Amino acid sequence: VQLQASGGGVVQAGGSLRLSCVASGSVFKINDVAWYRQAPGKQRESVAGLSSGGRSDYLESVKGRFTISRDNAKNSVYLQMDSLKPEDKAVYYCNADILINRNYEFNYWGQGTLVTVSS
């Protein structure tokens, strides 16, 4: 199984970006998904999470600006980021708990996509 993240880029403060993450390979079912980010010199932090049951949670600093969503038919997860701020600059990673069959679940990371916000 591989997670492929895309959608990063350079945007001005106040702008928007939409990150995508697609799972490929032996995907039986995707359970909980999340987006993390890591800014230079800082630890990786959880930005948004979405359970298989539809419950979402967000880092306090992105609440009201970021929205996590999923399309199970496309094995995809998205992060809509609006009203971006310079402090949102980071490498963003998708993460997912994926069943490769009915019995085995593993946790996977995408390769990261860079988001740069200019002031």
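Details of the structure are given in the entry above.
The notes below deal with the structure included here. These numbers were taken from a predicted model, which means no experiment stands behind them.

Structural notes on the packing of aromatic side chains
Okay, so step 1: In this structure the tally under the stated criterion is two aromatic pairs.
Okay, so step 2: Centre to centre, the rings of Y93 and W109 are 6.4 Å apart; their planes meet at 85 degrees, and the pair counts as edge-to-face. Of this pair, Y93 sits in strand β9 (residues 90-99) while W109 sits in strand β10 (residues 105-109), and the two are 16 residues apart along the sequence.
Okay, so step 3: If you follow R18 out to its NZ or CZ, it ends over the ring of Y78, 4.0 Å from the centre.

Quick word on unusual backbone geometry
Okay, so step 1: Here the phi dihedral of N75 falls at roughly 50 degrees; this positive angle occurs in a residue that is not glycine.
Okay, so step 2: Note that N75 resides in the loop between β7 (66-71) and β8 (76-81).
Okay, so step 3: Even without glycine at this site, S83 takes up a positive phi of about 50 degrees.
Okay, so step 4: Relative to the elements of secondary structure, S83 occurs in the loop between β8 and β9.
Okay, so step 5: By relative accessible area, which is 42% here, S83 ends up partly exposed.

Side note on the nonpolar core
Okay, so step 1: Membership of the largest hydrophobic core comes to 30 residues, with the highest contact counts inside it found for W35, L79, M81 and Y92.
Okay, so step 2: Taken together, the elements giving at least two residues each to this core come down to β1 (2-6), β3 (17-24), β4 (29-38), β5 (45-50), β7, β8, β9 and β11 (113-118).
Okay, so step 3: Apart from the residues within four sequence positions on either side, L79 is in contact with L17, R18, L19, W35, V47, A48, F66, T67, I68 and Y92.

A closer look at the pairing of β5
On a regular strand, each side chain points to the face opposite its neighbour's, so the side chains alternate between the two faces of the sheet.
Okay, so step 1: Two elements, β4 and β5, share five bridges in a ladder whose sense is antiparallel. By the bridge assignment, W35 is partnered in β5 with A48.
Okay, so step 2: With antiparallel pairing between neighbouring strands as the criterion, β4 and β5 make up a hairpin whose turn holds six residues, including G41 at a positive phi of roughly 75 degrees.
Okay, so step 3: Of the strand pairs in this sheet, β5 and strand β6 (residues 56-58) are connected by three bridges, and their pairing is antiparallel. Across the sheet, L50 pairs through a bridge with S56, a residue of β6.

Parameters and conventions
- Residues numbered from 1 in each chain as written.
- Predicted model: local features only at pLDDT ≥ 70, side-chain atom pairs only at ≥ 80, totals over all residues.
- Heavy atoms only, no water.
- Phe/Tyr/Trp six-rings, centres within 6.5 Å; stacked < 30°, edge-to-face > 60°.
- Helix = DSSP H or I, 4+ residues; strand = E, 2+ residues; numbered from the N terminus.
- Lys NZ or Arg CZ within 6 Å of the ring centre and 35° of its normal.
- Buried < 20%, exposed > 50% of the residue type's maximum accessible area, 1.4 Å probe, protein only.
- Core = buried A, V, L, I, M, F, W, Y, C linked by side-chain atoms within 4.5 Å.
- Contact = heavy atoms within 4.5 Å.
- Pairing = 2+ DSSP bridges.

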